[in-house]
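Okay, here's what each chain looks like letter by letter:
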Amino acid sequence: METADQLASVGTFQVLKLPLGFIRVLEWLFAIFAFATCGGYSGQLRVSVDCMEKASSNLSIGIDFAYPFRLYQVSFEAPVCEGIRRERVFLIGDYSSSAEFFVTIAVFAFLYSLVATIVYIFFQNKYRENNRGPLIDFIVTVVFSFMWLVSSSAWAKALSDVKLATDPDEVQLLISACKTQTNKCGSLHGARWSGLNTSVAFGFLNFVLWAGNIWFVFKETGWHKGAARLAGGPSEKQAGTFTQEPYNQGSFDQTGSYNTQGNLGQPSEYSQVGGPTSYSNQM
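Below is a summary of the structure that appears in this document. On a predicted model such as this, the values are computed, not experimentally measured, just so you know.

## Some points on the layout of surface pockets
Here is step 1 of the chain: Each pocket or cavity is described by its volume, and for the largest pocket that value is around 160 Å³.
Here is step 2 of the chain: Lining of the largest pocket is provided by Y112, V115, A116, V119, Y120, Y127, R132, G133, I136 and D137.
Here is step 3 of the chain: At the level of elements, α3 (96-122) and α5 (132-165) are the ones that each hand at least two residues to the lining of the largest pocket.
Here is step 4 of the chain: Here the lining of the largest pocket takes five residues from α3, the largest share from any one element.

Printed below as a string of structure tokens:
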């Protein structure tokens, strides 16, 4: 507890209230949702094969598949409708590259967001030292924004192909018994796609977060600060050109005879120091 209190006192948690730190926390959370909903998925579909010979029928055939969606490795047994013979049927397609690419980007984004948030809180001075931290942060943010867009788009296309390849009506076409009109094949239920649809949504949401954070990271770099100085330079110079000395009412003189302090001076032949000349002396 003492160590935690010391870290809390040293850390600058106020940065989490700023857009830069707050968005990093959101990126960290949504990255978890992205790879969890995709990487932890498993689905099942069921079909039925009703043979003309009822003893050979199988009215509930379960087909399980999961991440990383190497469907060509997924197999199930189906009746041939010729006695007790069975055949092993494999699904078609390999969509592991798009799925693994998406999850990999999500995991690395999660790790980088976590490290960046820790640096913002506990190592703010080193982050701003020599402007290296903001520059590296800016470049990595731009790269992750692009990678999120690419991986989310690729995964969205792969997901549509996975849905098509695991559609019960398409799977029935792979069963030889279903190609005979005397046998009846049907679909009991398909896989649930809510989890994978959510993963695609989180992928594009992560792209929006990372792309939006580019501006806030850029403001921390020397490039933005240098441009701000160049933009503010002419105005500061102009302001300095028109700087005037402050007006002092007590120092304004024209001929040395006027002073705003209340002293009104006249030529030396007239003075009030000795008082006015008496009338008798003038006579």
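## As for the pattern of salt bridges
Here is step 1 of the chain: Here the structure, examined in full by the defined rule, presents seven salt bridges.
Here is step 2 of the chain: Between R70 and E100 there is a salt bridge, with its nearest N and O atoms 3.1 Å apart. Remark: E100 occurs in helix α3 and R70 occurs in the loop between β2 (58-66) and β3 (75-79); sequence separation between them is 30 residues.
Here is step 3 of the chain: With a relative accessible area of 29%, R70 lands in the partly exposed category.
Here is step 4 of the chain: Through salt bridges that share partners, R24, E27 and D137 make up one connected network.

## Some thoughts on the state of the cysteines
Here is step 1 of the chain: Inspection of every chain in the model, using the stated rule, returns two disulfides.
Here is step 2 of the chain: A sulfur-sulfur separation of 1.8 Å characterises the disulfide bridge that pairs C51 with C81. The sign of the S-S torsion, about -70°, decides the handedness of the disulfide formed by C51 and C81: left-handed. With C51 in the loop between β1 (42-50) and β2 and C81 in the loop between β3 and β4 (86-90), the pair connects residues that are 30 residues apart, well separated along the chain.
Here is step 3 of the chain: Of the residues examined, C51 reaches a relative accessible area of 1% and is grouped as buried.
Here is step 4 of the chain: When its relative accessible area of 12% is taken as the criterion, C81 is described as buried.

Cut-offs applied
Residues numbered from 1 in each chain as written. Predicted model: local features only at pLDDT ≥ 70, side-chain atom pairs only at ≥ 80, totals over all residues. Heavy atoms only, no water. 1 Å grid on protein atoms, 1.4 Å probe; cavity = no way out; pocket = protein on both sides within 12 Å on 5 of 7 lines; lining within 4 Å. Points joined across faces, edges and corners; volume = space filled by probe spheres on them. Helix = DSSP H or I, 4+ residues; strand = E, 2+ residues; numbered from the N terminus. Salt bridge = Lys/Arg side-chain N within 4 Å of Asp/Glu carboxyl O. Buried < 20%, exposed > 50% of the residue type's maximum accessible area, 1.4 Å probe, protein only. Disulfide = S-S within 2.5 Å.

Keep in mind that these numbers describe shape and distance, not what the molecule does.
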